[in-house]
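Letter by letter, the chains look like this.
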Amino acid sequence: NACHLSCANCTRLVGHHEKPFFMTLDQVEAAIKSLSGFPGRIGMMGGEPAVHPKFLEICDLYQDMIPDKRKRELWTSGYKWEQYKDKIFETRIFIFCNN
């Protein structure tokens, strides 16, 4: 639920928490496993996923656990785009900017 923004219209009230919560890599892995066999796309969102201190490792989990590149999504405001764009494109996530 972490985000670098505090948008008044955030439907998830992300960025308005006193203390943000970051899922552990084990929790992310369990969440992806729980969607095994799901026919739709699996989205990474938050807040802002790139705020997560383990964002690159989460991208690796997506690559390993979701073999069909067309099923991976990322909802982002473009935070740290220059730093992470190569990893994002390597992961081949569908990208949705939400700002």
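All chains use their own residue numbering, which begins from 1 and follows the written sequence. This being a predicted model, a pLDDT of at least 70 is required before a residue's local features are given, and a value of 80 or more before pairs of side-chain atoms are given or counted; all residues contribute to the totals for chains, interfaces and linings. Excluded from the side-chain calculation are hydrogens and water; included are all heavy atoms of the structure.

(A) Region of the structure containing the overall build of the protein chain. On a plain count of helices and strands, the protein chain comes out with three helices and three strands. The helix count covers DSSP runs of H or I at least four residues long, the strand count covers runs of E at least two residues long, and both are numbered beginning at the N terminus. In the protein chain, the succession of helices and strands from N to C terminus is α-β-α-β-α-β. Relative to its full complement of 99 residues, the protein chain shows a buried share of 29%. Of the contacts formed within the protein chain by residues at least 6 apart in sequence, a portion of 57% connects residues at least 24 apart. Note that accessible areas follow from Shrake-Rupley with a 1.4 Å probe, and for residues the cover is restricted to the protein chains shown. Total accessible area on the protein chain stands at roughly 6,400 Å², and carbon and sulfur atoms take up 54% of it. Here the term buried applies to any residue with accessible area under 20% of the maximum for its type, exposed to any over 50%, and partly exposed to those in between, with areas from a 1.4 Å probe on protein chains only. In what follows, residue pairs with any heavy atoms lying within 4.5 Å of each other are defined as contacts.

(B) Layout of the side chain of Glu73. The topology assignment puts Glu73 in strand S2 (residues 72–76). Side-chain atoms alone can form a polar contact between residues adjacent in sequence; in general such a contact is a pair of N or O atoms within 3.5 Å, and within protein one must be able to donate a hydrogen while the other accepts it. Among the polar contacts made by the side chain of Glu73, one reaches the side chain of Trp75 at a distance of 3.2 Å.

(C) Representation of the pattern of salt bridges. Here a salt bridge means any side-chain nitrogen of Lys or Arg lying within 4 Å of a carboxyl oxygen belonging to Asp or Glu. Tallying each qualifying case throughout the model produces six salt bridges. Where Glu29 meets Lys33, a salt bridge forms, and the shortest distance between an N and an O atom there is 3.6 Å. Of this pair, Glu29 and Lys33 both sit in helix H1 (residues 25–34), four residues apart, roughly one helical turn. In this structure Glu29 comes out as partly exposed when scored by relative accessible area, which is 27%. Residue class for Lys33 comes out exposed when judged on its relative accessible area of 53%. Arg70 is paired through a salt bridge with Asp68; the nearest N and O atoms lie 3.1 Å apart. Linked through salt bridges whose partners overlap, the residues forming this network are Asp60, Lys87 and Glu90.

(D) Structural view of the packing of helix H2 (residues 55–65) against helix H3 (residues 81–91). Convention adopted: a line fitted to C-alpha atoms gives each axis, helices being fitted over their contacting stretch, and angles between N-to-C directions are expressed from 0 to 180 degrees. Two elements in contact, H2 and H3, have axes separated by 10 Å at closest approach and are oriented at 10 degrees. With respect to each other, H2 and H3 are oriented roughly parallel. Contacts between H2 and H3 involve Phe55, Leu56, Cys59, Asp60, Tyr62 and Gln63 on the former and, on the latter, Tyr84, Lys87, Ile88, Glu90 and Thr91. Here the contact of H2 with H3 is built from residues that sort into six nonpolar, two polar and three charged. Angles below 35 degrees are treated as roughly parallel, those above 145 as roughly antiparallel, those between 65 and 115 as roughly perpendicular, and all remaining angles as oblique. Classes in brief: Ala, Val, Leu, Ile, Met, Phe, Trp, Tyr, Cys and Pro nonpolar; Asp, Glu, Lys and Arg charged; the others, Gly included, polar.

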